[in-house]
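Analysis of the macromolecular model
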Amino acid sequence: MKKIVITGMGIVCPVGTGIDFAWKNILNGKSGIRKITEFDTTDIASKIAGIPQRGTEPGDFNPDAVIEPKEQRKMDKSIMYGLVAANEAVIDAGLLEYDGDKNRIGVSVGSGVGGLSTIADTYKDILENGTRFVSPFFVPKSVVNMTAGYISIKYGFGGPNLAMATACATGSHAIAEGAAIIERGDADVMICGGTEAAICPLGMIGFGALRALSTRNDDPEHASRPWDKDRDGFVMGEGAGILVLEEYEHAKARGAKIYAEVAGFGMTADAYHITAPAPNGEGGKRAMQIALDKAGLKPSDIDYINAHGTSTGLGDVGELIAVKDLFKGTNVCMSSTKSMTGHLLGAAGAIEAIFCILAIRDNIVPPTINLENPIEEVGDFNLVPNKAQQRNVDAVLSNSFGFGGTNASLILKNVK
C-alpha cells in the first residue's frame with residue numbers, strides 16, 4: 001500500500017489569495033462575504049456573496065502575475081482562479097525546478113458548473129447580436145476540464161489529466177481520484193483540487209430559485225451562520241483550492257516538504273433526493289465510516305472535522321446528527337469555515353482540505369463564526385464557536401456533500 005502525501009498547496013478564496021494570507025484571516029474569524037458589485041442585483045433576491053478581491057495588494061487575486069492579459073481573454077474566471085492557485089501549489093511543492101519525468105505528473109482538477117458566466121454571456125450576445133460574433137474560445141472557456149488542461153500545458157505535466165464534476169463534492173472527489181491514480185502506479189505526482197466561478201446573474205438566480213440562498217443582504221458578514229437558529233440559507237462563494245499529492249518515497253527522494261498524508265476516503269450516495277440530504281445524514285455517516293475504515297482509524301483518533309456545514313436548515317441538522325452519533329464519546333470538535341468563505345461549490349472540498357492540513361501543521365482549529373444562537377441539536381457539542389481553538393491535531397476529517405446525494409469524506413493525518 002503506497003503512502004500518499006501532500007507536498008504543495010495553493011488557494012484563491014473570498015478571505016484571501018495565498019495560503020498564509022487566507023489562513024490568517026480564517027483563524028481570526030474574518031468574513032469574506034460582501035455585497036455584490038460586479039453586476040446589477042436589482043431583480044435578484046440574494047445580493048451577497050464571497051468573491052475574491054481582485055487587485056495587486058497582498059491577499060488580492062491578481063491573475064496578471066500568472067497569466068498574460070491576452071491569454072485571460074480566452075479563459076473563464078474559473079480557469080484563472082485554478083491557474084493562480086495551481087501556480088502557488090506548484091511553486092510550494094518545488095516542482096518548477098523538477099528535473100524528473102513530467103509525464104509522471106498528472107492533473108485532477110474539477111468544477112461543479114464550469115464556465116457558467118461564459119455560457120450565460122455568450123447566449124445573451126447571440127440574442128442581441130446574432131451568431132456571427134461568437135468567440136471561437138467559447139467552448140474551451142466553458143467546459144469543466146479546461147482548468148486541468150491549462151495546468152498541464154503551462155507546466156508540461158503529461159500524466160493523467162481529468163476533471164470531476166460532482167457538484168459540491170467535486171474538490172474532495174478530485175483529491176481522492178488523484179490519490180487513487182498514484183496508488184495504481186499511473187503517476188508519481190498529481191495536481192488536485194477544484195475551482196468555481198458561478199457568481200453571475202444566472203448562478204445567483206438559479207440557486208435563488210431553489211430558495212437555498214441567504215437574503216441577509218444588509219448584513220453580509222453575518223449571513224453565513226451554520227447551526228445558528230437565525231440562519232436563512234447558504235452564501236455563494238467562488239475561488240479555487242489546489243493540492244499537490246505525491247507518493248511518499250518519491251517525495252522523500254527529492255527532498256520535498258511534506259504537510260500531511262491522505263489517509264482515507266469514503267464515497268456514498270444518499271439515493272434519496274436530488275437536493276435534500278437523507279434523513280439524519282445517513283449517507284454522509286456511511287461515507288465517514290468508510291473513510292475511517294480505509295484509514296485504519298477509530299472515531300476517537302479524529303481530532304477535528306471540517307464540516308460541509310453550509311448554513312441550510314436540513315443540511316446542517318443532518319450532518320450534525322450523523323457526526324454526534326458516529327463520534328459519540330470522543331473529544332472531536334467540528335467547525336464550518338463556510339461561515340467565513342461562503343460555499344464555493346466545486347472548490348469547497350479542496351479549500352477545506354487545505355484548512356484541515358493547516359490545522360494539523362499549526363495545532364489549531366478554525367472557528368465557526370456567527371454561531372450566536374445554536375440550534376437545539378447542538379447541545380454541548382464543540383462547534384468551535386466564534387474563536388479558533390488551540391489543540392493537538394493529528395488526524396482530521398473533511399466532509400463534502402453535493403446535489404444528487406453524492407457524499408465525500410476525506411481523512412488527512414500527520415506524517416509520523
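Residues numbered from 1 in each chain as written. Predicted model: local features only at pLDDT ≥ 70, side-chain atom pairs only at ≥ 80, totals over all residues. Heavy atoms only, no water.

Moving on, we get to the overall build of the protein chain. Broken down by element type, the protein chain carries 13 helices and 15 strands. Expected size for 416 residues packed as a compact globule is a radius of gyration near 22 Å; at 20 Å, the protein chain falls within 12% of this value. Counting every position in the protein chain, which comprises 416 residues, the buried fraction comes to 59%. Look at the contacts in the protein chain between residues 6 or more apart in sequence, and 78% of them connect residues 24 or more apart. For the protein chain, the accessible area works out to roughly 16200 Å², and carbon and sulfur atoms hold 52% of it. (Helix = DSSP H or I, 4+ residues; strand = E, 2+ residues; numbered from the N terminus. Rg over C-alpha atoms; globule rule 2.2 N^0.38 Å. Buried < 20%, exposed > 50% of the residue type's maximum accessible area, 1.4 Å probe, protein only. Contact = heavy atoms within 4.5 Å. Areas by Shrake-Rupley, 256 points an atom, 1.4 Å probe, with all protein chains shown as cover.)

Take the packing of helix α7 (residues 170-184) against helix α13 (residues 348-362) next. Relative to each other, α7 and α13 sit at 70 degrees, their axes nearing to 5 Å. Taken as axis vectors, α7 and α13 run roughly perpendicular relative to one another. Residues Gly171, Ser172 and Ile175 of α7 form the contact with α13, whose own contacting residues are Gly349, Ala350 and Ala353. The residue makeup of the contact of α7 with α13, split by class, is 3 nonpolar, 3 polar and no charged. (Axes fitted to C-alpha atoms, helices over the stretch in contact; angles between N-to-C directions. Parallel < 35°, antiparallel > 145°, perpendicular 65-115°, else oblique. Nonpolar A, V, L, I, M, F, W, Y, C, P; charged D, E, K, R; others polar.)

The buried fraction of strand β9 (residues 260-269) amounts to 8 of the 10 residues, a majority that puts the element mostly inside the structure. Relative to β9, strand β1 (residues 4-13) is paired through 3 bridges, and the arrangement is antiparallel. Its bridge partner being in β9, isoleucine 4 is matched across the sheet by valine 262. For β9 and strand β15 (residues 406-413), the ladder comprises 8 bridges, and the chain directions are antiparallel. Its bridge partner being in β15, glycine 264 is matched across the sheet by isoleucine 411. (Pairing = 2+ DSSP bridges.)

The full count for this structure, using the stated rule, is 19 salt bridges. Residue glutamate 352 pairs with lysine 338 through a salt bridge whose shortest N-O separation is 2.9 Å. On the criterion of sequence distance, the pair formed by glutamate 352 in helix α13 and lysine 338 in helix α12 (residues 338-341) is long-range, its members being 14 residues apart. Judged by relative accessible area, lysine 338 falls into the buried class, the value being 0%. The network of salt bridges with common partners includes Glu177, Arg184 and Asp186. (Salt bridge = Lys/Arg side-chain N within 4 Å of Asp/Glu carboxyl O.)

This part is about the packing of helix α3 (residues 77-92) against helix α6 (residues 146-155). Between α3 and α6, the shortest axis-to-axis distance is 9 Å and the interhelical angle comes to 45 degrees. Taken together, α3 and α6 sit at an angle that is classed as oblique. For the crossing formed where α3 meets α6, the hand is right-handed. Between α3 and α6, the residues in contact are Ser78, Ile79, Gly82, Leu83, Ala86, Asn87 and Val90 and Met146, Thr147, Tyr150, Ile151, Lys154 and Tyr155, respectively. (Left-handed = near helix turned anticlockwise from the far one by under 90°.)

Of note in the backbone geometry, asparagine 363 takes a positive phi value of approximately 55 degrees without being a glycine. Locating asparagine 363 in the fold gives a position in the loop between α13 and β12 (364-365). Despite not being glycine, valine 384 shows a phi value in the positive range, around 50 degrees. Of note, valine 384 is situated in the loop between β12 and β13 (389-390). Judged by relative accessible area, valine 384 falls into the buried class, the value being 0%.

Before going further, it helps to spend a moment on the packing of aromatic side chains. Applying the stated rule across the entire model yields 5 aromatic pairs. Measuring from centroid to centroid gives 6.1 Å for tryptophan 23 and phenylalanine 355, while their planes differ by 25 degrees, and the two rings are stacked. With tryptophan 23 in helix α1 (residues 19-27) and phenylalanine 355 in helix α13, this residue pair connects regions lying 332 residues apart in the sequence. With respect to burial, tryptophan 23 and phenylalanine 355 carry one shared label: buried. Put simply, the rings of Phe207, Phe234 and Phe403 pair up and form one aromatic cluster. One Lys or Arg, lysine 3, reaches over the ring of tyrosine 248 and ends 4.4 Å from the middle of that ring. (Phe/Tyr/Trp six-rings, centres within 6.5 Å; stacked < 30°, edge-to-face > 60°. Lys NZ or Arg CZ within 6 Å of the ring centre and 35° of its normal.)

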